[in-house]
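The chain contents come next:
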Amino acid sequence: MGKIIQRNKIMPVILAAGYGSRLGSKSIEPKALLKINSKSIIEYTIEYLIQLGFTEIFILVGYKKELIKKSLTKYKNKIKVNFYENKKFRISGHGYSLYSLLNNFSIKNDLLIIHGDLFFDNKIINLLLKNEKKNIIMIDEKFSILTNDEVVVLGKNNKVSRIVKFNNKLKNIVGEIVGINKWSLEFQKKYMSYCKKLFKNEGINFNWEPIIDRMLLENEIKSLNFNKIYKKKWININYKEDY
């Protein structure tokens, strides 16, 4: 662990294109705009990124994109916000959203990827930024099974071997995916190359987790680390009960 890395060497990307089908009536507006104590989830994230010294971010949008854009105009003098629309958000996953962004923009930085429906202790980002490893998946080592939708990491010695949906037969589970990651430029290039073939052959309805899992299984990734959050609090807003 070391000093927090320079802001000009990493680009935050917030995933906010989905329409939250599992939330039912609560997802009339994008999940990222759900409010906690009168402030939306995505506002908490952006304000902390500003506090950390970031001057530019990308936000992946799709469902009711104009609502998200309008709600964030107040930050225009504090941080440069680039919006990228995934026009196929209803038939694709955020794995495709990321691919499409990288395919259309020349981002020459490592990525700090944050799920837009995530409400979390800011110290989780600090832990990631202080980790000098190039590619990192943040995990909750003290997770509980609440919905049976939990996506978990298998591995040892801080190395990720699989990323899969939880089941009782799995071994070497080290924690649940939080939804905050760091990908190096080299990692992004490998992801792009793999996705290009995957989407051509099997369609675009993939989240990033199963894509990375397949890359691990096929030995397309040599180095992917996990970082524990050490009991920091977080919640991914997927169901009515979460909100």
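Shown above is the structure to which this text applies.
About the thresholds
For every chain, the first residue of the written sequence is number 1, and numbering continues from 1 onward in sequence order. Reporting of local features is limited, given that this is a predicted model, to residues whose pLDDT is at least 70; pairs of side-chain atoms are given and counted only at 80 or more, and all residues count toward the totals for whole chains, interfaces and linings. The side-chain numbers reported here are obtained from all heavy atoms of the structure, hydrogens and water having been left aside. For this analysis, a nonpolar core means a set of buried residues of the types Ala, Val, Leu, Ile, Met, Phe, Trp, Tyr and Cys, connected via side-chain atoms within 4.5 Å. Each residue is assigned to one of three classes by its accessible area relative to the maximum for its type, calculated with a 1.4 Å probe on protein chains only: buried under 20%, partly exposed between the two thresholds, exposed over 50%. Secondary structure counts use DSSP, requiring at least four H or I residues in a row for a helix and at least two E residues in a row for a strand, with both numbered from the N terminus. Pairs of residues are marked as contacts when any of their non-hydrogen atoms sit within 4.5 Å. Lines fitted to C-alpha atoms define the axes, with helix axes restricted to the stretch in contact, and inter-axis angles between N-to-C directions lie between 0 and 180 degrees. Orientation is classified from the angle alone, with under 35 degrees giving roughly parallel, over 145 giving roughly antiparallel, 65 to 115 giving roughly perpendicular, and any other angle giving oblique. If you view the pair so one helix is near and one far, a crossing is left-handed when the near helix is turned anticlockwise from the far one by less than a right angle, and right-handed when it is turned clockwise. Only Asp, Glu, Lys and Arg are considered charged in this grouping, and only Ala, Val, Leu, Ile, Met, Phe, Trp, Tyr, Cys and Pro are considered nonpolar; every other residue, Gly among them, is considered polar. Here, any two strands with at least 2 DSSP bridges between them count as paired.

Draft legend 1. Molecular detail of the nonpolar core. Counting 39 residues, the largest nonpolar core has Y191, W208 and I212 as the members making the most contacts within it. Broken down by element, this core gets its largest block of residues, 7 residues, from helix 5 (residues 185-202). Ignoring sequence-local partners within four residues, the contact set of W208 consists of L15, H94, G95, L98, H115, I137, I163, I177, N181, W183 and Y191. Of all hydrophobic cores here, the second largest spans 34 residues; its members include A16, L33, I46 and Y75.

Draft legend 2. Highlighting the environment of N225. Residue placement: N225 occurs in strand 12 (residues 225-228). As a C-alpha pair, N225 and K65 span 160 residues in sequence and 33 Å in three-dimensional space. Apart from the residues within four sequence positions on either side, N225 is in contact with K133, N135, I136, I137, N158, K159 and V160.

Draft legend 3. Summary view of the packing of helix 1 (residues 41-52) against helix 4 (residues 123-130). Look at helix 1 against helix 4: their axes get within 11 Å of each other, and the N-to-C directions meet at 45°. Taken together, the axes of helix 1 and helix 4 are oblique relative to one another. Helix-helix and strand crossings are classified by hand; for helix 1 and helix 4 the assignment is right-handed. Of helix 4, the residues touching helix 1 (which contributes Y48, L49 and L52) are I125, N126 and L129. The residue makeup of the contact of helix 1 with helix 4, split by class, is 5 nonpolar, 1 polar and no charged.

Draft legend 4. Structural detail: helix 3 (residues 94-104). Within helix 3, 9 of the 11 residues are buried, which leaves it mostly tucked inside the rest of the structure. Restricting attention to buried positions, one finds in helix 3 the residues H94, G95, Y96, S97, L98, Y99, S100, L101 and L102.

Draft legend 5. The pairing of strand 11 (residues 173-183), seen in detail. Extensive coverage of strand 11 is indicated by the burial of 10 of its 11 residues. As paired elements, strand 6 (residues 110-115) and strand 11 share 4 bridges and run antiparallel to each other. Within strand 11, the residue paired with L111 across the bridge is W183. As defined by bridge partners, strand 8 (residues 136-140) adjoins strand 11 across 4 bridges and the pair is classed as antiparallel. Along strand 11, the bridge assignment pairs D140 with E176. Here strand 9 (residues 151-156) runs beside strand 11; their pairing, made up of 3 bridges, is antiparallel. Bridged to V153 within strand 11 is G175.

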